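Examination of the molecular architecture
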Amino acid sequence: MKYFLLKTDPQFDTAPIINGWFQKIDRRNIRMGKSHNIEKRQLFFIESNPITVFPDVLSFPAFMVTEQLRDVIRLYEPKMLFKEIVLLDQKYAKACTYHLPILDYIDCLTDGSILTKDRSTIISAEIDPNRMNGQNIAYISSVSNLYTIVCLDLVESFLRRGAQGISLQEVKQIAVS
């Protein structure tokens, strides 16, 4: 099974910029066992921009997906918890609802991965697929920045449904014996 790092396409430079995220949501709570500290539904204002585009995936300040991709994820991970995030541009009367998945953190990177010295950024990822424990989507735990890893089947399902604004980086794998 192939795996990919999934994030917002950097060419979507008019994606929404969220105000006040870190004052309302502590990233350490975006995990199983702590997600009860995050309200079920939250409203965030975004920086006003007449040409804001809402991609199907937002990777900053946290990984979030639109309703369509949330429904696809639920096909693969039926017990997945989500928190609803509403983004609102008051000036231009634009809004979009995203869903914040509560994913497992998996230590799947091998010694063949190249990280920055402070272990915040992945330069080149190599994983041990056995460590994925059958997960179709997860956060990588051994880096301080948030990285989402997804399996090929899930990526294909996103693309078949016309997902826009996503960027994929294939991940190398060690040989499985």
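For the structure itself, look to the data block above.
Residue numbers restart at each chain and count upward from 1, following the sequence in its written direction. The predicted origin of the model limits local features to residues at a pLDDT of at least 70 and limits the giving and counting of side-chain atom pairs to 80 or more, whereas totals for whole chains, interfaces and linings rest on all residues. In computing side-chain properties, one takes all heavy atoms of the structure into account and sets aside hydrogens as well as water.

1. Re helix α2 (residues 67-76)
The classification of residues rests on relative accessible area computed with a 1.4 Å probe and restricted to protein chains. Under 20% of the type maximum is buried, over 50% is exposed, and intermediate values are partly exposed. The numbering of helices and of strands both runs from the N terminus, where a helix is a DSSP run of H or I of at least 4 residues and a strand a run of E of at least 2. Within α2, the full set of buried residues consists of L69, R70, V72 and I73. Around the axis of α2, the buried residues are gathered within 160° of arc, so they sit on the same side. Considering only its buried residues, α2 is in contact with β3 (57-58), β4 (64-66), β5 (81-89), β6 (94-102), β11 (137-140) and α3 (152-160). It is the directions from the helix axis to the C-beta atoms whose arc is reported. For this analysis, residues touch if any pair of their heavy atoms sits within 4.5 Å.

2. Concerning the sheet that holds strand β1 (residues 3-8)
Pairing between two strands requires that DSSP report at least two bridges joining them. Across the sheet, which stays open at both edges, the six strands sit in the order β7-β11-β12-β1-β13-β10 with mixed pairing between neighbours. Single-partner strands in this sheet number two, and they are β7 (105-106) and β10 (126-127). Where β7 and β11 come together, two bridges link them in parallel fashion. Across the sheet, Y105 pairs through a bridge with Y139, a residue of β11. Under this scheme, a helix contributes an axis fitted over its contacting stretch, all axes are lines through C-alpha atoms, and angles between N-to-C directions fall in the 0 to 180 degree range. Relative to the sheet, α3 contacts β1, β11, β12 (148-151) and β13 (166-173), its axis offset from that of β12 by approximately 90°.

3. Quick look at the environment of G33
Residue position: G33 is located in the loop between α1 (21-24) and β2 (41-45). For G33, a relative accessible area of 62% corresponds to the exposed category. When the C-alpha positions of G33 and F82 are compared, they lie 13 Å apart, and in sequence the two are 49 residues distant.

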